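Structural overview for review
Residues per chain, in single letters:
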Protein chains: 2
Amino acid sequence: MEGFPLKNSAIDIEKDFKKYETIAEKLKAIAHPYRLCIVRGLLSGECNVTTIQECLNLPQSTVSQHISKLKSAGIIEGKRNGLEICYRVVDNDIINAVKLLFND
Amino acid sequence: MEGFPLKNSAIDIEKDFKKYETIAEKLKAIAHPYRLCIVRGLLSGECNVTTIQECLNLPQSTVSQHISKLKSAGIIEGKRNGLEICYRVVDNDIINAVKLLFND
DNA sequence: TAAAAGTATTATTATATCTTAATATTACAA
DNA sequence: TTGTAATATTAAGATATAATAATACTTTTA
């Protein structure tokens, strides 16, 4: 009977629901084996797309699209370095959650 | 150049990839605002479907389908108690990850 | 400035997910 | 044993996601 967050005023419901949406968006971004692999890989050192691509053995556009989703979700950021772009994980909640899930 | 998990032998690649798939499955199960809300709600006390349904203000079948996905993913378990079924979160990784993401 | 390397975008097809009404199941009570 | 409450399942249409070939963009080097 108790414990559910969405039972207060309409304002609370709106505010709370936004938080669920925000966090669900982040989770959706990493809820894919390739993207999870990319994030975990990036956690052990910055890396460019070509390296990721070779490791995962996927077409370049596939990797680029996954990278793009992670970037849109605010989970990774890229810094251009000449021809390459180096990506790193910038969302602390996601960093901790991934470490937790993999026992790293 | 370093840090990506899928660069060793074929066997390692297979084994590692399974882990990414397994964890991605769990994440996908909670990567939805309603399901995230259900899980977080259940974390503050067991609860039957009717209560959840009233709190989320969704059709009964919608809630039931979300419950079903969480159950299939091994994240929650239900125990029947007369007419009702009481659900609780049983996956410790998910429990900790959700707490972490919500700062609970 | 032309070629090449690294990366992003677009377009397309296939597949999966979401929502919900309708229907079924299960357990209790009259 | 009939009715009703709590929950699950099915079916269907709408929407979203996935993979990838083709193409475009950006930066460096010759």
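Let me sum up the structure you'll find in this document.

**Quick look at the environment of Val63 of chain B**
Residue and element names in this part refer to chain B. Position of Val63 relative to the elements: it lies in helix H4 (residues 60-72). On the accessibility criterion, Val63 (0% relative accessible area) is buried. Sequence separation between Val63 and Gln53 is 10 residues, and the spatial gap between their C-alpha atoms is 6.1 Å. Val63 has contacts with Val49, Ile52, Gln53 and Leu58, leaving out every residue within four places of it along the chain.

**Focus on the pairing of strand S2 (residues 76-81) of chain B**
A regular strand places its side chains so that they alternate between the two faces of the sheet. Residues and elements named next belong to chain B. Relative to strand S3 (residues 84-89), S2 is paired through 6 bridges, and the arrangement is antiparallel. The partner of Gly78 across the bridge, within S3, is Tyr87. Taken together, S2 and the strand that follows it, S3, pair antiparallel across an intervening segment of 2 residues, in which Gly82 is found at a positive phi of about 70°.

**Details of the protein's contact with DNA strand C**
Close contacts around DNA strand C come from 25 residues, with Thr50, Gln60 and Tyr87 of chain A together with Gln65 and Lys69 of chain B the closest. When atoms of DNA strand C within 4 Å of the protein are sorted by moiety, sugar and phosphate together comprise 56%. Measuring from a base nitrogen of DNA strand C, one finds a side-chain N or O atom of Ser61 of chain B at 3.2 Å. Counting only elements with at least two residues in the surface near DNA strand C, the list comes to helix H3 (49-56), helix H4 (60-72) and strand S3 (84-89) of chain A together with helix H2 (33-43) and H4 of chain B. Taken together, the residues that form the surface near DNA strand C break down as 7 nonpolar, 12 polar and 6 charged.

**What about the packing of aromatic side chains?**
Counted under the stated rule, the structure contains 4 aromatic pairs over all chains. Consider the rings of Phe17 of chain A and Tyr34 of chain B, whose centres lie 5.6 Å apart with planes at 40°: the pair is tilted. Residue Phe17 of chain A is found in helix H1 (residues 10-30), and its partner Tyr34 of chain B is found in helix H2; the two belong to separate chains. Residue class for Tyr34 of chain B comes out partly exposed when judged on its relative accessible area of 24%.

**Observations regarding the sheet that holds strand S1 (residues 47-48) of chain A**
Residues and elements named next belong to chain A. Taking strand neighbours across the sheet as the criterion, the 3 strands line up as S1-S3-S2 in an open arrangement whose pairing is antiparallel. Looking at which strands have only one partner, the edges of the open sheet turn out to be S1 and strand S2 (76-81). Relative to S3, S1 is paired through 2 bridges, and the arrangement is antiparallel. By the bridge assignment, Asn48 is partnered in S3 with Cys86.

Reading guide: rules and limits
Residues numbered from 1 in each chain as written. Chains lettered and ligands numbered in written order. Predicted model: local features only at pLDDT ≥ 70, side-chain atom pairs only at ≥ 80, totals over all residues. Heavy atoms only, no water. Helix = DSSP H or I, 4+ residues; strand = E, 2+ residues; numbered from the N terminus. Buried < 20%, exposed > 50% of the residue type's maximum accessible area, 1.4 Å probe, protein only. Contact = heavy atoms within 4.5 Å. Pairing = 2+ DSSP bridges. Near = heavy atom within 4 Å. Polar contact = N/O pair within 3.5 Å; in protein donor to acceptor, adjacent residues only side chain to side chain. Nonpolar A, V, L, I, M, F, W, Y, C, P; charged D, E, K, R; others polar. Phe/Tyr/Trp six-rings, centres within 6.5 Å; stacked < 30°, edge-to-face > 60°.

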